[in-house]
Amino acid sequence: MADRPNTPVPEMADIENPPIEDEQASGTSGEDLKAFMLREEERAIASAAAKLTRPTTRLANDVLLLIATRGTARDLGKAQIVSRGWQAAARREVTLRTAGRVLNVFAEKPAYLRSIEVLDAVVGPKPAGSWRDRWPELQYAKFLRVDESLALLHDRETVLQLFRANIHVIDAELAKIRESIEWKVESGWPRTLAEDYTLIMTHFKAALGDSVSEASRDFAAAVHLLRDALTLRAPLEAVAPDAYTDLDGTYGMKTNDGAWAALTPDAAPGVSFATHAPLEASAHPRCLSDAGFSAAVVLNTGIDYAPMDSDIVRFRSRGRAGGKHRSLVRTAATPSERQYDLPPLSRVTLERIDEAGSWTEFGRTPNRRLYTVVVEFLA
C-alpha cells in the first residue's frame, strides 16, 4: 500500500503457521477498520509468498548466472562474499573463463582471472595455434634489434622467407638448452611447455618487450605462453632467494625493456613501474664477482658467464599476499644455472640503492651500484 511503505514482510514461520483469527473478527465486531485492513494485507502477502514454486527459484539462479557473465574478475571476487548463491554463480563463471588455462587449483581464482583480463587488454586474447607459427616474425624482430639499418639493406619479405626456409634451426637451438629443459621436465613441467618456454626466454625477451610496450598482438601467443607457464609454477615453488641481473649493457633490463629506465642513481625508494619484457635473474654464485655482474650466455658448448659493464639489480622476493605473487619463479637449478624469472606486466618497486663497493654477496664485493627491488604479479 502506498500509504504504508514499512509494511512488514511475513517470515517463513508466519507462512507455515498463519495466525488464528478471532471468531468475532467481522465488520460488526467493533474491531478497528485500519487494523483489519492491515491483517488482510499481511494475509495476501503471505498467500503470495506461499505460492512461490521451484521454477521461480530456478529463474533466480539463472539471473545470478547471467549477472556473473557480465562481471569482471574484481566483480566476481566481491560477489563471492554476498551469499552462497552469489558465491556459486561467481565460482562457476571464474571456472568457465579459466578453463584450459591452468593445470592446478588456485585458492584465489579471481586474481588469476584478473591477470588474464589485464594481459588480454594489452596483447589481445590467447590466439589459436602455436607461438611457433610466428617464429620467422620473431626472428625478424630480433634481427632488427641487432641493427635497425639492416631493414634498409634487406627486404622484409625476403628475410622472412629465409627464416621460414630454415625453421629446422629450432632443433639445434633446443639442443643448446637441453640441460635447462630436462630440469624443468624432471620438476613436473610438460615437455612441450618446457621446450617452448626455454626457447622463448633464450631468444626473444627483448622482442616480446617491444611488442608488449606497443600493445601489439603480433606475438600474443608467445606472451600468453610465458604468463601461463609462470602462473602455473608460481604456487608450486618456494619463495625465491635473492637473485641478480644487469641493468645496462647487451643483455640488460634497460636494453630489453625501456620501463627499467625508471631506475637511476637519483631514483627515490618507492618508485614503481610495470614491466613489458619477461626477465630472468640469477642466484648462481658465478653471476657476481668483485668487478660486477656476469650474465649466463648460451654457447654451442653449453652455458658460460660473460662480464657485463652494468649496474646490478637485486630482486628480493616475498611470500604471496592478497592474490598477488611476490616472488620470482624458479625455472632452472642445474650446475650451470640458478635461474628465476618474472612474466611481463609485473610490478617492480625500488626499495633501496647501495653504492659500488658498499655491499657483499657470495663472498664478493662488486664494484657496481646495486638497486634492490621487490616485485608482484597476479597469479
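Quick caveat: nothing in here was measured; it's all calculated off a predicted structure. (Residues numbered from 1 in each chain as written. Predicted model: local features only at pLDDT ≥ 70, side-chain atom pairs only at ≥ 80, totals over all residues. Heavy atoms only, no water.)

## Considerations on the nonpolar core
Consideration 1: Membership of the largest hydrophobic core comes to 56 residues, with the highest contact counts inside it found for W131, Y197, L208, W260, L263, F315 and L328.
Consideration 2: The element contributing the most residues to this core is helix α14 (residues 220-233), with 9 residues.
Consideration 3: Setting aside residues up to four positions removed in sequence, W131 forms contacts with L138, D196, L199, I200, F204, A221, A222 and L225.
Consideration 4: Counting residues in each nonpolar core, the second largest holds 10 residues, with Y244, F293, A295 and I312 among its members. (Core = buried A, V, L, I, M, F, W, Y, C linked by side-chain atoms within 4.5 Å. Buried < 20%, exposed > 50% of the residue type's maximum accessible area, 1.4 Å probe, protein only. Helix = DSSP H or I, 4+ residues; strand = E, 2+ residues; numbered from the N terminus. Contact = heavy atoms within 4.5 Å.)

## Remarks on the pattern of salt bridges
Consideration 1: Under the defined criterion, the tally for this structure stands at 22 salt bridges.
Consideration 2: Across the pair R330 and E237 runs a salt bridge whose closest N-O atoms are separated by 2.9 Å. With R330 in strand β8 (residues 329-333) and E237 in the loop between α14 and β1 (243-246), this residue pair connects regions lying 93 residues apart in the sequence.
Consideration 3: With relative accessibility at 28%, the residue R330 sits in the partly exposed group.
Consideration 4: Taking relative accessible area as the criterion, E237 reaches 12% and is therefore assigned buried. (Salt bridge = Lys/Arg side-chain N within 4 Å of Asp/Glu carboxyl O.)

## Structural notes on the packing of helix α12 (residues 191-203) against α14
Consideration 1: Here α12 crosses α14 at 120 degrees, and the two axes come no closer than 10 Å. The angle between α12 and α14 places the two elements in the oblique class. The two elements α12 and α14 meet at a crossing, and its hand is left-handed. Across the interface between the two elements, L193, D196, Y197, I200 and M201 of α12 pack against A222, L225, L226, A229, L230 and L232 of α14.
Consideration 2: The residue inventory of the contact of α12 with α14, partitioned by class, reads 10 nonpolar, no polar and 1 charged. (Axes fitted to C-alpha atoms, helices over the stretch in contact; angles between N-to-C directions. Parallel < 35°, antiparallel > 145°, perpendicular 65-115°, else oblique. Left-handed = near helix turned anticlockwise from the far one by under 90°. Nonpolar A, V, L, I, M, F, W, Y, C, P; charged D, E, K, R; others polar.)

## Quick look at the pairing of strand β11 (residues 370-378)
Consideration 1: Where burial is concerned, most of β11 is hidden: 7 out of the 9 residues are buried.
Consideration 2: Pairing between strand β6 (residues 312-315) and β11: 4 bridges, direction parallel. Bridging from a neighbouring strand, R314 pairs with T372 of β11.
Consideration 3: Across 2 bridges, the pairing between strand β7 (residues 324-325) and β11 is antiparallel. Of the residues in β11, the one forming a bridge with H325 is F377. (Pairing = 2+ DSSP bridges.)

## Overview of the pairing of strand β4 (residues 294-299)
Consideration 1: Here β4 runs beside strand β5 (residues 302-307); their pairing, made up of 6 bridges, is antiparallel. Residue pairing in the sheet places V298 in a bridge with I303 of β5.
Consideration 2: Here β4 folds back onto β5 in antiparallel fashion, the turn holding 2 residues.

## Remarks on the packing of aromatic side chains
Consideration 1: As enumerated under the stated definition, the model contains 10 aromatic pairs in all.
Consideration 2: Plain terms: the ring middles of Y244 and F362 are 6.1 Å apart, the flat faces sit at 65 degrees to each other, and that makes the pair edge-to-face. Separated by 118 residues along the polypeptide, Y244 in strand β1 and F362 in the loop between β10 (347-354) and β11 bring together distant segments of the chain.
Consideration 3: We classify Y244 as buried; its relative accessible area is 0%.
Consideration 4: When its relative accessible area of 29% is taken as the criterion, F362 is described as partly exposed.
Consideration 5: Residues W260 and F315 carry aromatic rings whose centres are separated by 6.0 Å and whose planes lie at 80 degrees to one another, so their mutual orientation is edge-to-face. In this pair, W260 sits in the loop between α15 (253-256) and β2 (272-274) while F315 sits in strand β6, placing the two residues 55 residues apart along the sequence. (Phe/Tyr/Trp six-rings, centres within 6.5 Å; stacked < 30°, edge-to-face > 60°.)

## A look at the confidence of the model for the chain
Consideration 1: Summary statistics for the chain give a mean pLDDT of 81 and a share of 70% for residues scoring 70 or more.
Consideration 2: Ranking the elements of the chain by mean pLDDT puts helix α1 (residues 12-16) last, at 37, and β6 first, at 98.
Consideration 3: Confidence drops under a pLDDT of 50 for residues 1-28, and excluding neighbours within four residues, the segment shows 16 contacts in the predicted structure.
Consideration 4: Within the model, pLDDT remains below 50 along residues 103-107, and this stretch shows 8 contacts once partners closer than five positions in the same chain are excluded. (pLDDT = per-residue confidence, 0-100.)

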